[in-house]
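So the chains spell out like this:
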Amino acid sequence: QVQLVESGGGLVQAGGSLRLSCAASGSIFTINTMGWYRQAPGKQRELVAAIPRSGNTNYADSVKGRFTISRDNAKNTVYLQMNSLKPEDTAIYYCNVFMIVTGQLYGMDYWGKGTLVTVSS
């Protein structure tokens, strides 16, 4: 019914950049907050950045000044520009979207399958 498709992960050297994209498709009535989480091996999933429809962004302290989240509401797509990458940024990055699907009364969280980002030292 609803699908989140992520792209843009890969292998990069420390100091490099990557751009992640996540496009939502299907029977979408409205999208509220879009965001990115990550999970490193042996660690819990953590919020990286989020952007509500209003555009007020929220970042984890560890990525402030290096990562930028943005969204294109016309395309139902959220982006994560990652600069000055560090080895500790290595993780699986998951797209998260809170939205109301057509025919439902309440919104809920939807997750992408994840895209691997590996930063070599």
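The paragraphs below set out a description of the structure included in this document.

What counts, and at which threshold
Residues numbered from 1 in each chain as written. Predicted model: local features only at pLDDT ≥ 70, side-chain atom pairs only at ≥ 80, totals over all residues. Heavy atoms only, no water. Pairing = 2+ DSSP bridges. Helix = DSSP H or I, 4+ residues; strand = E, 2+ residues; numbered from the N terminus. Axes fitted to C-alpha atoms, helices over the stretch in contact; angles between N-to-C directions. Disulfide = S-S within 2.5 Å. Buried < 20%, exposed > 50% of the residue type's maximum accessible area, 1.4 Å probe, protein only. Core = buried A, V, L, I, M, F, W, Y, C linked by side-chain atoms within 4.5 Å. Contact = heavy atoms within 4.5 Å. Phe/Tyr/Trp six-rings, centres within 6.5 Å; stacked < 30°, edge-to-face > 60°. Lys NZ or Arg CZ within 6 Å of the ring centre and 35° of its normal.

1. Remarks on the sheet that holds strand β3 (residues 18–26)
Phase 1: Strand order in the open sheet made by the four strands is β1-β3-β8-β7, with antiparallel pairing throughout. The open sheet terminates on both sides in strands that have one partner only, identified here as β1 (2–7) and β7 (67–72). Averaged over all neighbouring strand pairs, the angle between strand axes comes to 15°, with direction disregarded.

2. A look at the state of the cysteines
Phase 1: One pass over the structure, following the stated rule, counts one disulfide.
Phase 2: Disulfide pairing is shown between Cys22 and Cys95; the S-S distance is 2.1 Å. Sign of the S-S torsion, about -80° for the bond between Cys22 and Cys95, identifies this disulfide as left-handed. Within this pair, whereas Cys22 is found in strand β3, its partner Cys95 is found in strand β9 (residues 91–101), the two being separated by 73 residues in sequence.
Phase 3: The class for Cys95 is buried, based on a relative accessible area of 0%.

3. Looking at the nonpolar core
Phase 1: Membership of the largest hydrophobic core comes to 32 residues, with the highest contact counts inside it found for Trp36, Leu80, Met82 and Tyr93.
Phase 2: For this core, the element with the most residues is β9, which contributes six residues.

4. Observations concerning the environment of Ser7
Phase 1: Residue position: Ser7 is located in strand β1.
Phase 2: Residues Ser7 and Thr115, 108 residues apart in the sequence, show an inter-C-alpha distance of 6.7 Å.
Phase 3: Excluding anything up to four places from it in sequence, Ser7 contacts Arg19, Leu20 and Ser21.

5. Here we look at the packing of aromatic side chains
Phase 1: In the structure shown here, the tally under the stated rule is one aromatic pair.
Phase 2: Consider the rings of Tyr37 and Trp111, whose centres lie 5.0 Å apart with planes at 65°: the pair is edge-to-face. One end of the pair, Tyr37, is in strand β4 (residues 28–39); the other, Trp111, is in strand β10 (residues 108–111), and 74 residues separate them in sequence.
Phase 3: Residue Tyr37 is classed as partly exposed on the basis of its relative accessible area of 24%.
Phase 4: Overall, the relative accessible area of 38% leaves Trp111 in the partly exposed class.
Phase 5: A cation over an aromatic ring shows up here: Arg19 above the ring of Tyr79, its NZ or CZ 4.1 Å from the ring centre.
Phase 6: Just above the ring of Trp111 sits the side chain of Arg45; from NZ or CZ to the centre is 4.7 Å.

6. Some words on unusual backbone geometry
Phase 1: Of note, the phi angle at Asn76 is positive, near 50°, even though the residue is not glycine.
Phase 2: Of note, Asn76 is situated in the loop between β7 and β8 (77–82).
Phase 3: Looking at Asn76, the relative accessible area reads 24%, which means it is partly exposed.
Phase 4: Positive phi, normally seen in glycine, also occurs at Ser84, with a value near 50°.
Phase 5: On the secondary structure map, Ser84 appears in the loop between β8 and β9.
Phase 6: Overall, Ser84 belongs to the partly exposed group, its relative accessible area being 39%.

Take it as geometry only, folks, not as evidence of what the structure does.
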